[in-house]
Amino acid sequence: MRLEYFAYETLQDLRIGKLFEIIVDYPESSPAIEDLKLCLEYTGQHSKLVDSFISSLRYRLLTAGASTNDILHQYMSTIKALRTIDPTGVFLEAVGEPIRDYLRGRKDTIKCIVTMVTDGSGGNASGTGNAGDNLLEELNRDAENQDNADYDDHTNIDEKQAWLNSESWEPDPVEADPLKGSMNRRKVDILGLMVSIIGSKDQLVNEYRVMLAEKLLNKSDFDIDSDIRTLELLKIHFGESSMQKCEIMLNDLIDSKRTNSNIKTSLLKTSQTVPGQEETEMPHDVLDATIISSNFWPPIQTEDLTVPASVDRLMSDYAKRFHQIKTPRKLLWKKNLGIVKLELQFEGRSTQLTVAPVHAAIIMQFQEKSSWTSKTLATEIGISVDSLNRKISFWTSKGVLTESMGPDADDRSFTIVDSMPDVNKNSTASEHLDEYQMTEEGESSVVSVEEQLKKEMTVYEKFIIGMLTNFGSMTLDRIHNTLKMFCIAEPSYDKSLQQLLSFLSGLVADEKLEMRDGLYLLKR
């Protein structure tokens, strides 16, 4: 028996020593997890697993060099692997707490969680999930399987089996948190664990709403089937009321598709009956409008932009027809948003690109003149010179425009090239748009959750300054409770402790406040 015990203990120690690598390779390494489960059932040395794995996490994962996305995927694999070893989640609570604490300190955690929950990789870093699946679908399948198993257990059990089950009852391990409930009632809620990192489901829903708006505004078509499927799964976990605004956003896309079809048909009939129409006019079927209900969408980034005259006439015709069909509603164009599909032709060669409206407005000006100065071009399209110099670099980097010194020291001259380079050599048209949006400037069509929060919290800045003036110094909890107590009129204070901490950190960074020993006080 001692030999058998030492054999199990030796295999257990080998598996625990390589547990980090085993979880990285999960689910391919599931046989090793089964070995560890069998050994731990025999030896009972679960605390050794917890201590060793936490040490490995702190040394190898919870470091500045690891990306938030990698940490989250490792956390997901940890949840799935430890759920096999301990279905009650007792040891997962102990192992997962350091990961959750570390992730709360990272600014991009919420965005990474929302992306992982709603993208198509099935929650796996390598994208090994079923095609089109996301973490929500995976969790939904698990929940259905668990509910079916529970139903079978409760319906097929007889009194004799129930008595045998009661005789085999065992108490929770000593490592279990008594506040979490009995192991017979505890279930490992993966999505709940992810939400606990953020702090509340409202923050996750708000971030998803912003990301959904960004995605919908940059769509080149009205195919939203996958987004509808994701929304329905989110409703199951968060309730219909929480997702109401997101549902309206998707309905706007459905209505836009129908409205576009009606208006194009109407404009086409009108253009056929109007004699003498110029052949140089753009056809009406090249314009698709995404018509949004602004009260239900996140705040939209606005920027002045003067589009070419031919495009402006097209948009005016569309707006007039919309007003006739949808009286008394009128369109208010956000000309800086959306995408434009262009075909550039030089010396018998053509290439197609998908770009932002400002890029299209810039390059279309070179149809009239082959050379522009930055000041003149900026005035022509209605943006600042600094903004123009940033955005025109898209075309200079592709070799479509060349840059030279202008007539003034602070002015630049841009000239169209004679022959068109192969801008699509290494990437597709849609990748050019992603490259501009994600790497060149990191600009977004929608105001981020952080910027929205900062704007909302600015209202309470005077209250906080007044409190610290009267009381000298206060802790985070005391500031939070005082705001909840006294800010009951509109706008009432409804922020979480984590949101207040983020705002106060911004005030400290702006040198309006300072923090000493956990106390906030006015900067002297």
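Preceding this section is the structure that the text describes.
This is a predicted model, so every value here is computed, not measured. (Residues numbered from 1 in each chain as written. Predicted model: local features only at pLDDT ≥ 70, side-chain atom pairs only at ≥ 80, totals over all residues. Heavy atoms only, no water.)

Here we look at the overall build of the chain
Here is step 1: On a plain count of helices and strands, the chain comes out with 23 helices and eight strands.
Here is step 2: Split into buried and exposed, the 524 residues of the chain put 41% on the buried side.
Here is step 3: Split by element, the accessible area of the chain, about 29500 Å² in all, is 51% carbon and sulfur. (Helix = DSSP H or I, 4+ residues; strand = E, 2+ residues; numbered from the N terminus. Buried < 20%, exposed > 50% of the residue type's maximum accessible area, 1.4 Å probe, protein only. Areas by Shrake-Rupley, 256 points an atom, 1.4 Å probe, with all protein chains shown as cover.)

Let's talk about the sheet that holds strand 8 (residues 519–522)
Here is step 1: Strand order in the open sheet formed by three strands is 6-8-7, with antiparallel pairing between adjacent strands. A strand with exactly one partner marks an edge of an open sheet, and here the two such strands are strand 6 (473–475) and strand 7 (513–516). Neighbour to neighbour, the strand axes of the sheet diverge by 35° on average, direction disregarded.
Here is step 2: With three bridges joining them, strand 6 and strand 8 adopt antiparallel strand pairing. (Pairing = 2+ DSSP bridges. Axes fitted to C-alpha atoms, helices over the stretch in contact; angles between N-to-C directions.)

Some remarks on the environment of alanine 361
Here is step 1: With respect to the secondary-structure elements, alanine 361 resides in helix 15 (residues 357–364).
Here is step 2: On the basis of relative accessibility, which here comes to 2%, the residue alanine 361 falls in the buried class.
Here is step 3: Apart from the residues within four sequence positions on either side, alanine 361 is in contact with Leu305, Thr306, Pro308 and Ile381. (Contact = heavy atoms within 4.5 Å.)

Observations regarding the nonpolar core
Here is step 1: Grouped together as the largest cluster of nonpolar side chains are 64 residues, with contacts concentrated most on Leu49, Leu72, Ile113, Tyr208, Leu216, Phe238 and Met243.
Here is step 2: A per-element tally of this core places helix 5 (residues 68–85) first, with eight residues. (Core = buried A, V, L, I, M, F, W, Y, C linked by side-chain atoms within 4.5 Å.)

A word on helix 5
Here is step 1: Here helix 5 is 18 residues long and its end C-alpha atoms lie 26 Å apart, about the 26 Å a rise of 1.5 Å per residue gives.
Here is step 2: Of all 18 residues making up helix 5, 15 are buried, and the element is well covered by its neighbours. (Expected span 1.5 Å × (residues − 1).)

Overview of the packing of aromatic side chains
Here is step 1: Taken as a whole, this structure holds five aromatic pairs when the rule is applied.
Here is step 2: Ring centres of tyrosine 5 and phenylalanine 6 lie 6.1 Å apart, and the angle between their planes is 75°; on these two criteria the pair is classed as edge-to-face.
Here is step 3: A relative accessible area of 28% places tyrosine 5 in the partly exposed class.
Here is step 4: Ring centres of phenylalanine 394 and tryptophan 395 lie 5.1 Å apart, and the angle between their planes is 85°; this geometry places the pair in the edge-to-face category.
Here is step 5: By relative accessible area, tryptophan 395 is classed as buried at 0%.
Here is step 6: Put simply, the rings of Tyr5, Phe6, Tyr8 and Tyr42 pair up and form one aromatic cluster.
Here is step 7: Its end group placed over the ring of tryptophan 372, lysine 369 keeps NZ or CZ at 4.1 Å from the ring centre.
Here is step 8: Above the plane of the ring of phenylalanine 471 lies arginine 478, whose end atom (NZ or CZ) is 4.6 Å from the centre. (Phe/Tyr/Trp six-rings, centres within 6.5 Å; stacked < 30°, edge-to-face > 60°. Lys NZ or Arg CZ within 6 Å of the ring centre and 35° of its normal.)

What about the pairing of strand 8?
Here is step 1: Inspection of the sheet shows strand 7 paired to strand 8 by four bridges, in the antiparallel sense. Of the residues in strand 8, the one forming a bridge with arginine 516 is leucine 519.
Here is step 2: The antiparallel pairing of strand 7 with strand 8 creates a hairpin that spans two residues between the two strands, and aspartate 517 there sits at a positive phi of about 55°.

Comments concerning helix 16 (residues 374–381)
The periodicity of an α-helix, 3.6 residues per turn, causes residues three or four places apart in sequence to face the same way.
Here is step 1: Looking only at helix 16, the buried set comprises Ser374, Leu377, Ala378 and Ile381. The arc that holds every buried residue of helix 16, seen down its axis, measures 100°, which confines them to one face.
Here is step 2: Looking at the residues trailing helix 16, positive phi occurs at glycine 382, about 75°. (Arc of directions from axis to C-beta.)

Topic: the side chain of glutamate 514
Here is step 1: Along the chain, glutamate 514 turns up in strand 7.
Here is step 2: Overall, glutamate 514 belongs to the buried group, its relative accessible area being 14%.
Here is step 3: One polar contact links glutamate 514 to arginine 516, side chain to side chain, over a distance of 3.2 Å.
Here is step 4: The contacts of glutamate 514, once residues within four sequence positions are left out, are Val508, Leu519, Tyr520, Leu521, Leu522, Lys523 and Arg524. (Polar contact = N/O pair within 3.5 Å; in protein donor to acceptor, adjacent residues only side chain to side chain.)

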